[in-house]
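Chains, contacts and geometry: an overview
Take a look at the letters that make up each chain.
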Amino acid sequence: MQKLQAKLKNTPRDIPHVSRTVNPGLNRDENLSGLDKVLACNNSDAALTVAHAGQNLRVSVVYVQNRRGDALMPTSPRKAKRLLKKGSAVVIRRTPFSIKLTTATGETKQSITLGIDSGYNKIGISAITEEKELCAIDLSLRTDLVKLNSERKTYRRNRRGRKTWYRESRFNNRKKAKNWLAPSIQNKFDSHIKIVNKVKKLIPISKINIEIAAFDIQKIKTPEIFGVDYRLGVQKNFWNVREYVLYRDGHCCQHCKGKSKNRILEVHHILSRQTGGDRPGNLATLCSSCHEKVSKGKVVLSITRQNGFKAETFMTMVRWMLIYRLRVAGDLVSHTYGYVTKSKRIELGLIKSHVNDAFVIAGGTNQTRLQYQCFVKQVRKCNRKLYKGDRSHIKNTAKRFIHGFKRFDKVLWEGSEFFVFGRRVSGYFHLRSLDGLQNKPSVHWCKLKLLETGGTFLIQMGRVK
Ligand SMILES: [Zn+2]
């Protein structure tokens, strides 16, 4: 106890969370970005024709908000241009092109149904009236959360073992909330709500249809499963996972099938334990000579990891929560199932895509489809890492702004739109399009024109594939 108190005496009590040695650029105010440079925003002609990857897309729907910021029925580009010229509307968003009226008008709204094809990696969104499709979104969700969180865990564990000031142990003093979801699941769940709210800002939605599905994962694994078998898992009567994996693989090296004559067996993680986990599908039996070769990188294993059922589990977990949350927000929500969507899609002769699925879910039949769709990619908001990587003491010197540009800003270069994916202090930036087809590793910032500042949803218009 005395020892502990002695240690506590040296504990700095009132230090700021981020030490002052941090690069001031990291803590700079966000609104310093070159917002005043967004000139193309005020030029409706330039914004209505999107030049990307050699395609010239002509936007056919312009979204409208009234003076209070509520969504009205979308209009045609021609009418929007006339309103802008007259001064009775202002541009509020470039992609997708939206205007806000400055004068009060009559507001007639038609019935619009929003179809959501919910998913683990991608969400499809389509909004339709009785005559036409008004909005089509293909959203890719983040997949880096598990990796980043386990990395953070490593740093924290390291810090605990290092010789720093005394920190009270904090492993057993927290409670999980009743509706707690794992961070990666929570993120995906929140993104569903977030994108629906974003669409509601564009168009006045009157009804939401969502596809949900329940999966019997045990039945997928063993189709003949019945009754009490559900309670008796495959690992019953085994001491631990290791014993089970050895038995499953017949106590035989899965790489050389026993040719090495080495009788010492080890259980190998096909993907690292950090990202792949300890589930039997990620484990394989190897003899110790093969295992050594694999660890040293001399041999590449031909064994593939069994795919988990993450996507299915996600849907089973969040489906009712999703409907409940949308209903609480005041929407009229109904749900449908995957097999219904599939049969209808085939009936209509549409190819499999998230937007087509969403169109069918919304109840689409012979409506005029949009010729383009919004490809949206979700990215992380910021990187607060102070040091570069594992055990590295090289400072992460990336400032929030370099020459007025921040990460994921949308810029115009040689008549095409790009996103800033990497910036160097030398002033040469890495530009990319969302589909990855256009990749410019080194372009000087002088040649770039800022179109939109980056956020967590990167939006790019593209032709329907
Ligand atoms: Zn072997």
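Our subject is the structure listed above.
Now for a quick tour of the structure. (Residues numbered from 1 in each chain as written. Predicted model: local features only at pLDDT ≥ 70, side-chain atom pairs only at ≥ 80, totals over all residues.)

Things to note about helix α12 (residues 354-361)
- Within α12, eight of the eight residues are buried, which leaves the element mostly enclosed by the surrounding structure.
- Of the residues one or two after α12, Gly 363 is the one with positive phi, at around 95 degrees. (Buried ≥ 20, exposed ≤ 12 C-beta atoms within 10 Å, placed from the backbone. Helix = DSSP H or I, 4+ residues; strand = E, 2+ residues; numbered from the N terminus.)

Thoughts on the sheet that holds strand β8 (residues 122-128)
- The strand order β13-β10-β7-β8-β9-β14-β20 describes an open sheet built from seven strands, whose pairing is mixed. With partners counted over all chains shown, the strands left at the sheet margins are β13 (333-337) and β20 (457-463), one partner each. Adjacent strand axes in the sheet meet at a mean angle of 20 degrees, parallel and antiparallel pairs treated alike.
- The pairing of strand β7 (residues 113-117) with β8 spans five bridges and is antiparallel. Considered in β8, the bridge of Leu 114 is made with Ala 127.
- Packing of helix α5 (residues 183-202) onto the sheet brings it into contact with β7, β8, β9 (133-140) and β14 (372-378), and relative to β8 it is tilted by some 25 degrees.
- Those strands touched by helix α11 (residues 338-348) are β10 (207-212) and β13, and its axis lies near 75 degrees from that of β13. (Pairing = 2+ DSSP bridges. Axes fitted to C-alpha atoms, helices over the stretch in contact; angles between N-to-C directions. Contact = placed C-beta atoms within 7 Å.)

Points about the packing of helix α4 (residues 145-161) against α5
- With their axes 9 Å apart at the nearest point, α4 and α5 run at an angle of 140 degrees to one another. By the angle class used here, α4 and α5 are oblique. Judged by the sense of rotation from one axis to the other, the crossing of α4 with α5 is right-handed. Contacts between α4 and α5 involve Leu 145, Val 146 and Asn 149 on the former and, on the latter, Pro 183, Ser 184 and Asn 187. (Parallel < 35°, antiparallel > 145°, perpendicular 65-115°, else oblique. Left-handed = near helix turned anticlockwise from the far one by under 90°.)

Comments concerning the nonpolar core
- Counting 57 residues, the largest nonpolar core has Leu 114, Ile 116, Ile 125, Ala 127, Cys 135, Val 199 and Ile 203 as its most contacted members.
- Counting the residues that make up this core, at least three belong to each of domain 1 (113-145 + 178-215 + 310-370) and domain 3 (384-457).
- If we skip the residues at most four places from it in the chain, Ile 203 touches Tyr 63, Ala 71, Pro 74, Ile 112, Ala 127, Leu 134 and Cys 135.
- Membership of the second largest hydrophobic core comes to eight residues, among which are Val 245, Cys 253, Leu 265 and Cys 287. (Core = buried A, V, L, I, M, F, W, Y, C linked by C-beta atoms within 7 Å. Domains from an automatic or database assignment.)

What to know about the packing of α5 against helix α10 (residues 310-328)
- One can describe the packing of α5 onto α10 by two numbers: an axis separation of 11 Å at closest approach and a directional angle of 35 degrees. In terms of crossing hand, the pair formed by α5 and α10 is right-handed. Where α5 abuts α10, its residues Ile 185, Lys 188, Phe 189, His 192, Ile 193 and Val 196 lie against Phe 314, Met 317, Val 318, Met 321, Leu 322, Arg 325 and Leu 326.
- Residues of the contact of α5 with α10, tallied by class, amount to 10 nonpolar, one polar and two charged. (Nonpolar A, V, L, I, M, F, W, Y, C, P; charged D, E, K, R; others polar.)

With respect to the pairing of strand β5 (residues 89-93)
- Strand direction decides the pairing type here: β5 and strand β6 (residues 98-101), joined by four bridges, are antiparallel. Each residue of the ladder has a partner; that of Ala 89, found in β6, is Leu 101.
- Where β5 folds back onto β6 in an antiparallel hairpin, the turn is made up of four residues.

With respect to the environment of His 444
- Here His 444 is to be found in strand β18 (residues 439-444).
- Overall, the presence of 12 C-beta atoms within 10 Å leaves His 444 in the exposed class.
- Spatially, the C-alpha atom of His 444 lies 8.7 Å from that of Ser 426, the residues being 18 residues apart in sequence.
- If sequence neighbours within four positions are ignored, His 444 has contacts with Gly 427 and Tyr 428.

Observations regarding the sheet that holds β5
- Pairing is mixed across the open sheet formed by four strands, whose spatial order is β4-β3-β6-β5. Looking at which strands have only one partner, the edges of the open sheet turn out to be β4 (71-75) and β5. Looking at each pair of strands side by side, their axes are set apart by 35 degrees on average, direction ignored.
- Where strand β3 (residues 62-65) meets β6, three bridges bridge the pair, whose relative direction is parallel. Across the sheet, the residue bridging to Tyr 63 is Ser 98, located in β6.

Considerations on unusual backbone geometry
- Cis rather than trans, the peptide bond between Thr 95 and Pro 96 has omega equal to -15 degrees.
- Note on placement: Pro 96 falls in the loop between β5 and β6.
- The backbone phi angle of Phe 408 is positive, close to 70 degrees, even though this residue is not glycine.
- Relative to the helices and strands, Phe 408 is located in the loop between β14 and β15 (410-413).

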